[in-house]
Amino acid sequence: MIHETTYTKARERLAALMDQATDTREPILIRRRGREPVALITADELAGWLETAHLLRSPNNEKRLLEASQRAARGEGESMDVDLLRVRLGLAVK
């Protein structure tokens, strides 16, 4: 759910809105009179969206990710922690 506020209220409560965005991980839409609204999100949320957009630019990668997501939704595949994944990929720290 996106929280909405006006520019005036956002200016008055900027620190609190920044805390809210950080605590809830939900974007805050700031409406401005006569201008396009903007969204307040945390930097790591933005990085995640940019990474997702980058990964989906390639049609082949998009297809592969969609298929993997569908397999996961069906409960297929193997669950493993980061340490096991590193070992399987030959990236384990010695």
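Refer to the structure above for everything that follows.
Residues numbered from 1 in each chain as written. Predicted model: local features only at pLDDT ≥ 70, side-chain atom pairs only at ≥ 80, totals over all residues. Heavy atoms only, no water.

Points about the sheet that holds strand β2 (residues 28–32)
And step 1. Spatial ordering of the open sheet is given by β1-β2-β3, a layout of three strands whose pairing is mixed. Where the open sheet ends on each side, the last strands, each with one partner, are β1 (3–6) and β3 (35–40). Geometrically, the sheet is characterised by an average inter-axis angle of 25 degrees between neighbouring strands, direction not taken into account.
And step 2. Pairing of β2 with β3, which is carried by four bridges, proceeds in the antiparallel orientation. Looking at β3, one finds that L29 is bridged to A39. (Pairing = 2+ DSSP bridges. Helix = DSSP H or I, 4+ residues; strand = E, 2+ residues; numbered from the N terminus. Axes fitted to C-alpha atoms, helices over the stretch in contact; angles between N-to-C directions.)

Here we look at a nonpolar patch on the surface
And step 1. On the surface, a cluster of nonpolar side chains totalling about 530 Å² of accessible area is made up of M80, L84, L85, V87, L89 and L91.
And step 2. Positionally, L89 belongs in helix α5 (residues 82–89). (Patch = residues over 30% accessible without salt bridge, like charges linked within 9 Å, V, L, I, M, F, W, Y side chains within 5 Å. Areas by Shrake-Rupley, 256 points an atom, 1.4 Å probe, with all protein chains shown as cover. Salt bridge = Lys/Arg side-chain N within 4 Å of Asp/Glu carboxyl O.)

What to know about the pairing of β2
And step 1. Pairing analysis gives four bridges linking β1 to β2, with the strands arranged parallel. Bridged to T5 within β2 is I30.
And step 2. Between β2 and the antiparallel strand that follows it, β3, lie two residues; G34 among them carries a positive phi value of about 75 degrees.

Honestly, that's just the spatial picture; any functional story needs more than this.
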